[in-house]
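In case you want the letters, here they are:
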Amino acid sequence: MLPNTGRLAGCTVFITGASRGMGKAIALKVARDGANIVIAAKTTHVNPKLPGTIFTAAEEVEAAGGKALPCAVDVRDEQQISNAVEKAVEQFGGIDILVNNASVISLTNTLETPTKRVDLMMNVNTRGTFLTSKACIPYLKKSKIAHILNLSPPLNLNPLWFKQHCAYTIAKYGMSMRVLGMAEEFKGEIAVNALWPKTAIHTAAMEMLGGSGIESQCRKVDIIADAACSIFKKPKGFTGNFIIDENILREEGIKNFDIYEIKPGQPLLPDFFLDEHPDTITKKMESHDAVPELKEEKSQPPPKPRSGAVAETFRIVKDSLSDDVVKATQAIYQFELSGEDGGTRFLDLKSKGGNVGHGEPSDQEDVVMTMSTDDFIKMFSGKLKPTMAFTSGKLKIKGNMTLAIRLEKLMNQMNAKL
């Protein structure tokens, strides 16, 4: 990990969504450099589902060597943003760096995304980033450092990244488009850049999306914090860039990235919006048999599964069920499978002991998964991660996304048997 240099001592860093996750990690990193941190986030009271408040984050920042100003800020509220900026300037004398980290995610398709959720993503991700930047810019212009950093992805127009979660993609790309526009608008005055992780990062949000056990396929938030500080060291002329965490840290001389992994040696989930060269992906599939191809297949159709493989998979699944598995999952899954041995099947992880069978479940399903029988077998044998199957279009999901991704834990338990 990158050592602290003290170059940010006395600088004021305004971070949205800094009560937990990547925002707090950046706050703690710059605190060790002696910076002042404005913790601008919504959480003021303890939430049993999400750890951390602006006050607990402030305590950690102070313990790490920085000065903290906790501010209750919902970035949808322009007045709350203005109040926090005024407090920051009054207490610390100005603002040197803005980190637009606050964000909302919903990996749902068009018909499954409620209007309220669309509005929330647009208002927090796109509009909130704009309003917070607008409020900070007059003070950033006076700073010798002057950085705006948006935690948002490179603008990748591959339709793959729109087809399964169009609303989220548009809202997140709105943050990235701010980088394009503001970098040009304030060239020479403020450096405006975007930072995005190469792999999944273990945060409370990832835990909610992927369920318990997802951390083994993630990196620590420290990699984002180190990458952010690398960007802050750059001059104002370094602007308009879409930076991948691993790439900039390689430039810093870091060669061993195991230090950032939750469980070193485990295959990592690639993050959204990043395409790799097809040849690279093919080699990974051949060597690890774990990372699915991100490009849609246009040449040869996938090989048909061996006869009876689906039935055998469900038999192994049934043998693996227990009251503990049911208690940990609490969901009913319906599978719509196409191809040889296809049809409708279900996996009931709500009834005592669990159950599997043909046709629709007797009780209302929580999740409907549609895919080919070949991909179904690959998923349950660990050769195709559900998250990547979904983002690559091989898996369509209707219903509760959190429960859908929770199924991955059960699949991991069965890999050795399948």
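Because the structure is a prediction, the values reported are computed rather than measured. (Residues numbered from 1 in each chain as written. Predicted model: local features only at pLDDT ≥ 70, side-chain atom pairs only at ≥ 80, totals over all residues. Heavy atoms only, no water.)

Provide a residue-level description of the overall build of the protein chain, including the pertinent values.
Check the secondary structure of the protein chain and you find 15 helices and 12 strands. Looking at the protein chain as a whole, 53% of its 418 residues are labelled buried. Sequence separation of 24 or more characterises 71% of the internal contacts of the protein chain that already satisfy a separation of 6 or more. Counting only carbon and sulfur atoms, one obtains 51% of the accessible surface of the protein chain, whose full area is about 18,700 Å². (Helix = DSSP H or I, 4+ residues; strand = E, 2+ residues; numbered from the N terminus. Buried < 20%, exposed > 50% of the residue type's maximum accessible area, 1.4 Å probe, protein only. Contact = heavy atoms within 4.5 Å. Areas by Shrake-Rupley, 256 points an atom, 1.4 Å probe, with all protein chains shown as cover.)

Lay out the side chain of Thr329 with the relevant residues and their values.
Secondary-structure assignment places Thr329 in helix α12 (residues 323-329). Judged by its relative accessible area of 7%, Thr329 falls in the buried class. For Thr329, the residues in contact, after removing those within four places along its chain, are Leu349, Leu403 and Arg406.

If you had to explain the pattern of salt bridges to someone new, which residues and values would you point to?
Working definition: two side chains of opposite charge can pair if their charged atoms are close together. Across all of its chains, the model carries 14 salt bridges by this definition. Salt-bridge contacts for Lys198 lead to Glu246; the nearest nitrogen and oxygen are separated by 3.5 Å. Here the residue Lys198 occupies a position in the loop between β6 (191-196) and α7 (204-210), and Glu246 occupies one in helix α9 (residues 245-251), the gap between them amounting to 48 residues. On the basis of relative accessible area, Lys198 is assigned to the partly exposed category, the value being 31%. (Salt bridge = Lys/Arg side-chain N within 4 Å of Asp/Glu carboxyl O.)

Before we move on, can you summarise a nonpolar patch on the surface with the specific residues and values?
A contiguous nonpolar surface patch, about 280 Å² in accessible area, is contributed by Leu155, Met177 and Leu180. Assignment of secondary structure puts Met177 in helix α6 (residues 166-185). By relative accessible area, Met177 is classed as exposed at 53%. (Patch = residues over 30% accessible without salt bridge, like charges linked within 9 Å, V, L, I, M, F, W, Y side chains within 5 Å.)

Account for the sheet that holds β6, naming residues and giving values.
Through backbone hydrogen bonds, the strands of a sheet pair up, either in parallel or in antiparallel fashion. Strand order in this open sheet of 7 strands is β3-β2-β1-β4-β5-β6-β7, and the pairing throughout is parallel. Of all strands in the sheet, those bounded by a partner on one side alone are β3 (67-72) and β7 (242-244). Here the strands of the sheet are splayed against their neighbours by 20 degrees on average, with no regard to which way each runs. Relative to strand β4 (residues 97-100), strand β1 (residues 12-16) runs parallel, the two sharing 3 bridges. Each residue of the ladder has a partner; that of Ile15, found in β4, is Val99. Helix α3 (residues 78-92) contacts β1, β2 (36-41) and β3 of the sheet and is inclined by roughly 160 degrees relative to β3. Contacting β4, β5 (147-150), β6 and β7, α6 runs over the sheet at an angle of about 150 degrees to β6. (Pairing = 2+ DSSP bridges. Axes fitted to C-alpha atoms, helices over the stretch in contact; angles between N-to-C directions.)

Outline the packing of α3 against helix α4 (residues 115-140), listing residues and values.
Their axes nearest at 9 Å, the elements α3 and α4 cross at an angle of 25 degrees. As the angle between them shows, α3 and α4 are arranged roughly parallel. Crossing angle aside, the handedness with which α3 passes α4 is right-handed. Every residue of α4 that contacts α3 at Glu78, Ile81, Val85 and Val89 is listed here: Leu131, Thr132, Lys134, Ala135, Cys136 and Tyr139. Split by residue class, the contact of α3 with α4 holds 7 nonpolar, 1 polar and 2 charged. (Parallel < 35°, antiparallel > 145°, perpendicular 65-115°, else oblique. Left-handed = near helix turned anticlockwise from the far one by under 90°. Nonpolar A, V, L, I, M, F, W, Y, C, P; charged D, E, K, R; others polar.)

Summarise the packing of aromatic side chains; cite the residues concerned and give the values.
In total, this model carries 13 aromatic pairs according to the counting rule given. Taken together, a centroid distance of 6.4 Å and an interplanar angle of 80 degrees make the contact between Trp161 and Phe272 edge-to-face. Residue Trp161 is located in helix α5 (residues 160-163), and its partner Phe272 is located in the loop between α9 and α10 (278-288); the two are separated by 111 residues in the primary sequence. Take Trp161 and Phe272: they sit in the same class, and that class is buried. Seen from their ring centres, Phe376 and Phe380 are 4.8 Å apart, and the 45 degrees between their planes marks the pair as tilted. Note that Phe376 and Phe380 are positioned in helix α13 (residues 373-380) at a spacing of 4 residues, about one turn of the helix. Relative accessible area serves as the criterion here: at 1%, Phe380 is assigned to the buried category. Clustering of aromatic rings is evident, with ring pairs tying together Trp161, Phe162, Tyr168, Tyr173, Trp196, Phe272 and Phe273. Across from the ring centre of Phe238, 5.3 Å away, lies the NZ or CZ of Lys234, which sits over that ring. (Phe/Tyr/Trp six-rings, centres within 6.5 Å; stacked < 30°, edge-to-face > 60°. Lys NZ or Arg CZ within 6 Å of the ring centre and 35° of its normal.)

Hey, could you go over the layout of surface pockets for me, with residue numbers and the actual values?
Where empty space is left can be seen by rolling a probe of water-molecule size over the atoms. Considered as a void within the structure, the largest pocket measures approximately 1,500 Å³ in volume. Counting residues per element, the lining of the largest pocket draws most heavily on α7, which supplies 5 residues. Of the residues assigned to the lining of the largest pocket, the class counts are 28 nonpolar, 13 polar and 9 charged. Looking at which domains feed residues into the lining of the largest pocket, each of domain 1 (12-278) and domain 2 (309-415) gives three or more. (1 Å grid on protein atoms, 1.4 Å probe; cavity = no way out; pocket = protein on both sides within 12 Å on 5 of 7 lines; lining within 4 Å. Points joined across faces, edges and corners; volume = space filled by probe spheres on them. Domains from an automatic or database assignment.)

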